[in-house]
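Here's the letter readout for the chains.
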Amino acid sequence: MLSEEQVLMRDSCRAFVDDVVIPFIRKDWQREWTMVPEERLPPEILAGADEIGIRTLGVPDEFGGVELEQAAEVQTFAIISEEIARGDSGLADKLVQNWKVAVLLRNLAPRHLQAKWFKRLVGDPQFLLAHCLTEPRGASDRWLPYNVPEAAMQTRAVRKDGGWLINGRKQFISNGYDAGLYVVYANSNPKAGMLQGTSSFLVPRDTPGLTVARCNETLGCRFMNNGEIVFEDMFVPDDHLLVENDALGQAGVYFRPGKIIQASKNLGVGMRAFELASNYVQNYVQGGRILIKHQAVALRIADMATRLEAVRALLERAARAVDENAPDADTLCNMVKLFASEEVLKAAQHCVELHGGNGVMLDFGVEKVLRDAAIFLHMDATVDISKFKIVKSMFPSTAGKYAGPE
Ligand SMILES: Cc1cc2nc3c(=O)[nH]c(=O)nc-3n(C[C@H](O)[C@H](O)[C@H](O)COP(=O)(O)OP(=O)(O)OC[C@H]3O[C@@H](n4cnc5c(N)ncnc54)[C@H](O)[C@@H]3O)c2cc1C
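One structure accompanies this document, and this report is about it.

Cut-off values and rules
- Residues numbered from 1 in each chain as written.
- Predicted model: local features only at pLDDT ≥ 70, side-chain atom pairs only at ≥ 80, totals over all residues.
- Heavy atoms only, no water.
- Near = heavy atom within 4 Å.
- Polar contact = N/O pair within 3.5 Å; in protein donor to acceptor, adjacent residues only side chain to side chain.
- Areas by Shrake-Rupley, 256 points an atom, 1.4 Å probe, with all protein chains shown as cover.
- Helix = DSSP H or I, 4+ residues; strand = E, 2+ residues; numbered from the N terminus.
- Core = buried A, V, L, I, M, F, W, Y, C linked by side-chain atoms within 4.5 Å.
- Buried < 20%, exposed > 50% of the residue type's maximum accessible area, 1.4 Å probe, protein only.
- Contact = heavy atoms within 4.5 Å.
- Patch = residues over 30% accessible without salt bridge, like charges linked within 9 Å, V, L, I, M, F, W, Y side chains within 5 Å.
- Salt bridge = Lys/Arg side-chain N within 4 Å of Asp/Glu carboxyl O.

Side note on the site of the ligand
Part 1 of the reasoning: Taken together, 22 residues surround the ligand, and among them H131, L133, T134, S174 and T382 come closest.
Part 2 of the reasoning: For the ligand, an oxygen atom lies 2.8 Å from a polar atom in the backbone of L133.
Part 3 of the reasoning: Within the backbone of F172, a nitrogen or oxygen atom sits 2.9 Å from a nitrogen atom of the ligand.
Part 4 of the reasoning: Out of a free accessible area of 970 Å², the ligand has 69% covered by protein chains.
Part 5 of the reasoning: For the shell around the ligand, the leading source of residues is helix α12 (residues 383-394), giving three residues.

Now the structure itself:
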């Protein structure tokens, strides 16, 4: 049962999505295709999200943020991100990155830097945060049992008087193109496995040596500008070190809520697909009857609804497990992120197929759900790597051990 706070937040998000986001997407459907990333999402949309108080979730009250009831924080994140993604999953990506990184910072950043950066975030509706792990030569493998030096990150951090010198490159980073502040992971001990030799740093965008190299033009979720970032002899002072050497172990504060949010955004895309499809089949006439009267069509609607309910059920269970810090929370997070990505893709396929030719016409606006759903297969680990993580967490001493030479 939802709390009063959750109902209020869900209702104001729902109104924002129905009154602002969906009408914008329908009217300006060409806008996501502009190749000028800065011009894609009008600033009023993030300002609107700010007005309803969902932009700075995760930021502590004392720094001007919107702090949710702690015992159900992740469950509330799930409710809100689903609603926003029902309107647009790229917009949801932009916002949730702020929540996820805010949670990380409030756990790991020194107080004076929290005060500085949370103030910037709260004060500027366009301010975005990013979390940089993935590199051209390493992503998925780091979540496998390959805790060996040769699988380490290639971005290197070396101690230098009063701080650290960082060299390397990150790719596929959400908000990477336009973030004001980055959390960057780098190898700080080449002799250790990555679980013992990776550190994380706070890196402001204007740090000398940091270059935003490109904005990736994605298939879906296009209102979030995914970017690549290069570091060349970039110096960050000591107090910008968040975690020394066991940064990956401590990233759980980011990844657990992160996987739940990923699955709930994904569910939002599925709900939009269901909304579009169920509306169409109740109105569109073929063979002298509205589509839903044709049994093959009705079966597809039932299949969509069943898949989405199953995702929701697992999502609720996994989100509760994270809020309660249950022993199986990690396993459930990976299960729901994986399960949602495959089930919602299928629901989106039904939606597009039920629309026939209209389903693949850009101006009709339905194909977007399929494009957006496809992105979730690859975010926060691939499908196969998520499965490895699930089995590794269930059988740590066999599946969780490196399969290389004894
Ligand atoms: C829209 C979007 C947003 C993203 N946002 C972020 C972000 O904010 N921050 C961030 O750090 N990253 C981000 N990523 C990166 C994402 O986490 C990676 O794309 C994902 O982890 C997969 O890594 P990869 O693309 O390098 O694929 P690869 O690791 O190259 O995988 C390619 C294929 O090989 C398989 N594979 C790889 N290694 C193995 C292995 N050892 N055994 C078996 N199979 C294997 C994979 O399952 C996959 O099928 C984002 C990606 C996308 C698409």
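Structure shown, so let's carry the discussion forward.
Here's the deal with unusual backbone geometry
Part 1 of the reasoning: Its identity as a non-glycine residue notwithstanding, F172 has a phi of 65 degrees, on the positive side.
Part 2 of the reasoning: The topology assignment puts F172 in strand β3 (residues 163-173).
Part 3 of the reasoning: The phi dihedral of N175 falls on the positive side, at around 65 degrees, and the residue is not glycine.
Part 4 of the reasoning: Summarising the element assignment, N175 is placed in the loop between β3 and β4 (181-187).

Some points on the nonpolar core
Part 1 of the reasoning: Within the largest apolar cluster, 42 residues are counted, with the highest numbers of intra-cluster contacts made by I260, M304, V336, C351, L354 and V369.
Part 2 of the reasoning: Those residues in contact with L354 that lie beyond four places of it in its chain are A277, Y280, V281, L291, V297, R300, I301 and M304.
Part 3 of the reasoning: In terms of nonpolar packing, the next biggest core, distinct from the first, is built from 30 residues, L104, L108, F127 and M194 among them.

Remarks on a nonpolar patch on the surface
Part 1 of the reasoning: A cluster of nonpolar side chains, F388, V391, M394 and F395, forms an exposed patch at the surface whose accessible area comes to about 380 Å².
Part 2 of the reasoning: When you line up the elements, F388 lands in helix α12.
Part 3 of the reasoning: Look at F388 and you get partly exposed, because its relative accessible area is 45%.

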